[in-house]
Amino acid sequence: MSDQDSSTSASQTEGEFDEDLEGKEEKPRSSPVPSLSSFSSSLRAVIRIKLKYQAMKKRRQEMALALGGAGALTGAPSRTSPKIFTFDGLTPNSLPTSVPSRKKRRRKKRVLFPSRGRPRAPPRQEHSRAQYCLYLLFGIVFVQVYNAIENLDDHVLRYDLEGLEKTLRREVFGQQGAVEDLLCHLKDYLSTYVHNKPLVVSLHGPSGVGKSHLGRLLAGHFRSVVGEPLVLQYYVLHHCPQEADALQCGRDLSTLISAMVERAEEEEKIPLLIFDEAEHMHNEILDALWQLVTSKRSNEHLNAIYLFLSNLGHAHITKHMLHNSSSISMAMTASGRHSNLIKELTPILRSTLKKLHPLWAEVDILPLGLLEKGHVMECFLDEMTREGFYPDHTNIERLAGEIEYYPAVGGHEYSQTGCKQVVAKVNLL
């Protein structure tokens, strides 16, 4: 069947369809309506197009079936069914050998950057403003602490405590432990100018162990650093020998100390008040001192150093050292011996002194021990050098042998009078 036949049949079908429609139109109607005629003409056109489309579709289906059954047209491509891939016919030998085997490559640990840009640093994290304020606060605190330390050092350097320590170690014999404790009290107190109470220290020991000598050395040193008006050496037997004048002596002493501390407050210095032979003080004088030490009237009375020198409780010190000399090791240092002495004697001395006057309850007690024969020989050597004598060891040993000693206990030979007779014996040479 050719294309010409198909077109001829299609035209004939259309002609027949048109004739049928014309025959139907020629039939007369009883009541023609103009609106319905226009509607019928459009409906006829739609029906005509639909019939024409169905006829063409039917003929094409018949032609496709006829071609598939009779064989393909000449020149038409032959259709083949699709093939399904399976692994049944594949063997290891059938694989192509030309494809090289891929080696496993180890991944390199490297950072890959975008192709369009350079290596970029990670984005910065914004810091809080409070962090900078915290750093500023740390800086301010550090500067304040540093300035405070510098001021403390300057305040201590004003009193030249290092020079005082060298002087006491060179001039005082047999009392190195007491000297160290006294210097610790002074360093702690003089490191600042603001105090809540005055420093009150009381040195107790038998006669001749160096109490007055230590007081003279301290007075001479403080005169050189704070001046003569701010140092007081008070000898009771000299300044107030009569007991009848004790009340007036107490008033005068209180007035004098008040004037000294007021002047020291103006000069921003700390005065030194030394009371030698305190065992001879009358109760009226002790009352006046007790009021000054314990009063909270003004700040200037809190910035002062009171040093009492007395032989109160010397019997307890002598008895303790003689009875415990056997337990004291020769290899023990002077500071170790004195620490044991303070630990064992301080409660005894404090309970004894409290019964005498309330003032002794406010003091820091430092006991001074007995001097041995070697210490007495050092006293002779120092005095003879001062007087210009040749320091002959034989002569010094002879002079030291003339001093009275307690019976030797545990290898220790203690002097009964200490170095009190050294000056008199050197003057007889």
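Residues numbered from 1 in each chain as written. Predicted model: local features only at pLDDT ≥ 70, side-chain atom pairs only at ≥ 80, totals over all residues. Heavy atoms only, no water.

Trainee: So, the packing of helix α4 (residues 161–171) against helix α5 (residues 176–190): which residues are in play, and what are the values?
Mentor: Where α4 contacts α5, the two axes come as close as 11 Å, and the packing angle between them is 165°. Considering the angle they form, α4 stands roughly antiparallel to α5. The way α4 lies across α5 gives a crossing that is right-handed. Where α4 abuts α5, its residues L161, L164, E165, L168 and R169 lie against Q176, V179, E180, L183, L186, K187 and L190. Taken together, the residues of the contact of α4 with α5 break down into 7 nonpolar, 1 polar and 4 charged. (Axes fitted to C-alpha atoms, helices over the stretch in contact; angles between N-to-C directions. Helix = DSSP H or I, 4+ residues; strand = E, 2+ residues; numbered from the N terminus. Parallel < 35°, antiparallel > 145°, perpendicular 65-115°, else oblique. Left-handed = near helix turned anticlockwise from the far one by under 90°. Contact = heavy atoms within 4.5 Å. Nonpolar A, V, L, I, M, F, W, Y, C, P; charged D, E, K, R; others polar.)

Trainee: Account for the environment of Y159, with residues named and values stated.
Mentor: Note on placement: Y159 falls in helix α3 (residues 129–159). The class for Y159 is buried, based on a relative accessible area of 0%. With residues near it in sequence (within four places) discarded, Y159 still touches L190, H221, F222, V225, V226, K269 and I270. A polar contact is formed between the side chain of Y159 and the backbone nitrogen of I270, at a distance of 3.0 Å. (Buried < 20%, exposed > 50% of the residue type's maximum accessible area, 1.4 Å probe, protein only. Polar contact = N/O pair within 3.5 Å; in protein donor to acceptor, adjacent residues only side chain to side chain.)

Trainee: Before we move on, could you go through helix α13 (residues 393–401) and cite the residues and values that matter?
Mentor: Buried within α13 we find N395, I396, L399 and A400. End-on view of α13: buried residues confined to an arc of 135°, all on one side of the axis. Opposite the buried face of α13, by more than 90 degrees, sit the exposed residues H393 and T394. Considering only its buried residues, α13 is in contact with α12 (373–387) and α14 (422–427). By the N-cap criterion, in which a side-chain oxygen at the helix start approaches the backbone nitrogen of a residue two or three places on, α13 is capped by D392, the distance to T394 being 3.3 Å. (Arc of directions from axis to C-beta.)

Trainee: I'd like a rundown of the confidence of the model for the protein chain, residues and numbers included.
Mentor: Model confidence for the protein chain is summarised by a mean pLDDT of 79, while 71% of its residues fall at 70 or above. Per-residue pLDDT stays below 50 along residues 1–34; that stretch engages in 11 contacts with residues further than four places along the chain or on separate chains. Counting contacts from residues 71–78, a segment whose pLDDT is below 50, to residues more than four positions away or on other chains yields 2 contacts. (pLDDT = per-residue confidence, 0-100.)

Trainee: Report on helix α6 (residues 211–226), specifying residues and quantitative values.
Mentor: With 16 residues, α6 should reach 22 Å at 1.5 Å per residue; the first-to-last C-alpha distance of 22 Å fits that figure. Of the residues making up α6, those classed as buried are K211, L214, G215, L217, L218, A219, H221, F222 and V226. Count one or two residues on from α6 and you reach G227, which has phi positive near 105°. (Expected span 1.5 Å × (residues − 1).)

Trainee: So what's going on with a nonpolar patch on the surface? Residues and values would help.
Mentor: Taken together, the side chains of Y132, L134, Y135, L137, F138, V141 and V145 make up a nonpolar region of the molecular surface, amounting to roughly 700 Å² of accessible area. Look at L134 and you get partly exposed, because its relative accessible area is 40%. (Patch = residues over 30% accessible without salt bridge, like charges linked within 9 Å, V, L, I, M, F, W, Y side chains within 5 Å. Areas by Shrake-Rupley, 256 points an atom, 1.4 Å probe, with all protein chains shown as cover. Salt bridge = Lys/Arg side-chain N within 4 Å of Asp/Glu carboxyl O.)

Trainee: How would you sum up the state of the cysteines? Please name residues and give values.
Mentor: Applying the stated criterion to the full structure yields 2 disulfides. Disulfide pairing places C240 opposite C249 at an S-S distance of 2.3 Å. Around the S-S axis, the bridge from C240 to C249 shows a dihedral of about 95° and counts as right-handed. Considered together, C240 and C249 belong to a single accessibility category, that of buried residues. Two residues, C379 and C419, share a disulfide whose sulfurs are 2.1 Å apart. Handedness of the C379-C419 disulfide follows from its S-S torsion of about 75°: it is right-handed. Placement of the pair is C379 in helix α12 and C419 in the loop between α13 and α14, with a sequence separation of 40 residues. Like C379, the residue C419 is buried in the burial classification. Cysteines bonded in the protein chain are numbered consecutively along the chain; their disulfide partners then correspond to 1-2, 3-4. (Disulfide = S-S within 2.5 Å.)

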